[in-house]
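# Coordinates in review
This is what each chain is made of:
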Protein chains: 2
Amino acid sequence: MATREGPRPGGRSARVQASVHKAVQTLLATHERTEVTVPLIAAEAGVTPSTIYRRWGDLQELLADVAVERLRPDMVPVDTGSFGSDLMAWAEQYAEEMSSGPGREMIRDVLAAQDGSGAYQCCNFTRQQIETIAERAEERGEFFPDVETVMDGVVAPIMYRILFGGAPDAAHVERLVRASLAAKPAP
Amino acid sequence: MATREGPRPGGRSARVQASVHKAVQTLLATHERTEVTVPLIAAEAGVTPSTIYRRWGDLQELLADVAVERLRPDMVPVDTGSFGSDLMAWAEQYAEEMSSGPGREMIRDVLAAQDGSGAYQCCNFTRQQIETIAERAEERGEFFPDVETVMDGVVAPIMYRILFGGAPDAAHVERLVRASLAAKPAP
DNA sequence: AGCATAAAAGCAAATTATTTGCTTTTAGCG
DNA sequence: CGCTAAAAGCAAATAATTTGCTTTTATGCT
């Protein structure tokens, strides 16, 4: 009896996943959201709809899966010399990317899925970025606020406003960053 | 030519809306989420599916519409004598309600809808609750932080953690409230 | 009050999406 | 080099959604 655990890289399973993901991205870029259906994605990817339904369950799970991949950071936060300016630069870029049309749609897709693991992953992507900035600060011997303080003080307000109200402006982001820098080192 | 603007209270339109909303709530309480379909809601409400599709567009918009109604606060925040304890009591209840299974589902429904107005409304419900607490503080002659400071410092972190990670615990909420109370009166 | 009108609901056929049972392909294993 | 289990294809069956047309109904006007 041959027992396996997960799909191996390069196998058929991985190829289907790749072509479906690519098809979704292509279609999202060229069509209205409501026009992007499972049968359309299947045709674009060269697979049958039942393959998609069996692997992902429904359109929302697939969209969430694709969105998580696209939200994965592809760069290390820039090193500007200090925790404060690193965080400021990162937060400005984060706010801008997430406020954009595509950014908002990806967040929506992730949150709309039944499976909450995508949202958790995205949160961790962000946390890791901040941890990177924090580790550099530590190496420099700087004082810097706790990562969770930054999540609460900078990330959460940016995301809350993108999701529930108008996008935060640059001045607002700046204020959030400054306030979290002022947090006491050890509460 | 008879010209009208919107549906009048008590008209047929309002009755259909009421029975559909009620049907959705009944079904959400008794069925798995994926089992709640437009045809099922229509049958429960005693209307035809096409009525629902024409009025709401799709299931998600309808669920969002119902969720917004359910998220509308039905009580004024309790008056405990000071801004700090009012806010603490309110935040604890808010975190608990929103972290619950039904609370999380309602938020998800609101955010998943294409029409972003539901999220905006929910944000305003919350803002109004905090404004009520702030107005009472003003009448007492207390100092208190700006409402937007509370939105950023208390509401946003609670909501962010509910949406993206584990629900915040009571100690965390308490810390958030204390921190926002310490904010300087005029930045 | 009674008629005219526009908005909304019902109905049913057409279309589209989803599910499912069964067959075929494929990658990895001995 | 065949065996096996997982995944994909195929196609029929089911379910959801859309749509054109008819009917109902609340309201404004005379």
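The sections below set out a description of the structure shown in this document. (Residues numbered from 1 in each chain as written. Chains lettered and ligands numbered in written order. Predicted model: local features only at pLDDT ≥ 70, side-chain atom pairs only at ≥ 80, totals over all residues. Heavy atoms only, no water.)

## Quick look at the packing of helix H1 (residues 12-30) of chain A against helix H3 (residues 49-56) of chain A
All names here are of chain A. Put simply, H1 and H3 touch, their axes get as near as 12 Å, and they point 100° apart. Considering their axes alone, H1 and H3 lie roughly perpendicular with respect to each other. Here H1 contributes Ser-13, Val-16, Gln-17, Val-20 and His-21 to the contact with H3, which in turn contributes Thr-51, Ile-52, Arg-55 and Trp-56. Residue composition of the contact of H1 with H3, grouped by class: 4 nonpolar, 4 polar and 1 charged. (Axes fitted to C-alpha atoms, helices over the stretch in contact; angles between N-to-C directions. Helix = DSSP H or I, 4+ residues; strand = E, 2+ residues; numbered from the N terminus. Parallel < 35°, antiparallel > 145°, perpendicular 65-115°, else oblique. Contact = heavy atoms within 4.5 Å. Nonpolar A, V, L, I, M, F, W, Y, C, P; charged D, E, K, R; others polar.)

## Examining the packing of aromatic side chains
Residues and elements named next belong to chain A. Scanning all chains against the criterion turns up 6 aromatic pairs over all chains. With centroids separated by 5.5 Å and ring planes inclined at 25°, the aromatic side chains of Phe-83 and Phe-144 adopt a geometry described as stacked. Placement of Phe-83 in helix H5 (residues 83-99) and of Phe-144 in the loop between helix H7 (117-140) and helix H8 (147-164) is noted, with a sequence separation of 61 residues between them. The class of Phe-83 is buried, set by a relative accessible area of 2%. Owing to a relative accessible area of 22%, Phe-144 belongs among the partly exposed residues under this scheme. One residue, Arg-55, lies across the ring of Trp-56, its end atom 5.1 Å from the ring centre. (Phe/Tyr/Trp six-rings, centres within 6.5 Å; stacked < 30°, edge-to-face > 60°. Buried < 20%, exposed > 50% of the residue type's maximum accessible area, 1.4 Å probe, protein only. Lys NZ or Arg CZ within 6 Å of the ring centre and 35° of its normal.)

## Notes on the relation of the copies chain A and chain B
Relating one copy of the chain to the other takes a rotation about an axis and a shift parallel to that axis. When chain A is brought onto chain B, the operation consists of a screw motion whose angular component is 180° and whose axial shift is 0.0 Å, with 0.0 Å RMSD remaining. In the structure described here, the two chain copies are related by an operation that fits a two-fold rotation axis. In this assembly the copies share their binding face: 100% of the residues contributing to the interface of chain A also contribute to that of chain B. (Least-squares fit on C-alpha atoms with pLDDT ≥ 70 in both.)

## A closer look at the nonpolar core
Ranked by size, the top nonpolar core spans 76 residues in total, and within it Ile-158, Leu-163 and Phe-164 of chain A together with Ile-158, Leu-163 and Phe-164 of chain B carry the most contacts. When neighbours within four sequence positions are excluded, Ile-158 of chain A is seen to be in contact with Ala-91, Tyr-94, Ala-95, Pro-168, Val-173 and Leu-176 of chain A. (Core = buried A, V, L, I, M, F, W, Y, C linked by side-chain atoms within 4.5 Å.)

## Some words on the interface of chain A and chain B
Between chain A and chain B, the contact holds 26 residues from the first and 27 residues from the second. A buried area of about 2,400 Å², summed over both sides, lies between chain A and chain B, and 58% of it is on carbon and sulfur atoms. Its largest share of buried area at the contact with chain B, chain A owes to Asp-152, Tyr-160 and Phe-164 of chain A, together 30% of the area lost on that side. With a shortest N-O distance of 2.6 Å, Glu-148 of chain B and Arg-161 of chain A are connected by a salt bridge. Applying the counting criterion to the chain A and chain B interface returns 9 residue pairs in polar contact (both at pLDDT 80 or more). Counting only elements with at least two residues in the side of chain A that touches chain B, the list comes to helix H6 (101-112), H7, H8 and helix H9 (170-181) of chain A. Among the elements that make up the side of chain A that touches chain B, the one with the highest residue count is H8 of chain A (11 residues). (Buried area = accessible area lost by both parts, 1.4 Å probe. Salt bridge = Lys/Arg side-chain N within 4 Å of Asp/Glu carboxyl O. Polar contact = N/O pair within 3.5 Å; in protein donor to acceptor, adjacent residues only side chain to side chain.)

## Remarks on the side chain of Arg-108 of chain B
Take Arg-108 of chain B: it is sitting in helix H6 (residues 101-112). Setting aside residues no more than four positions away along its own chain, Arg-108 of chain B makes contact with Leu-111, Ala-112, Ala-113 and Gln-114 of chain A together with Arg-33 of chain B.

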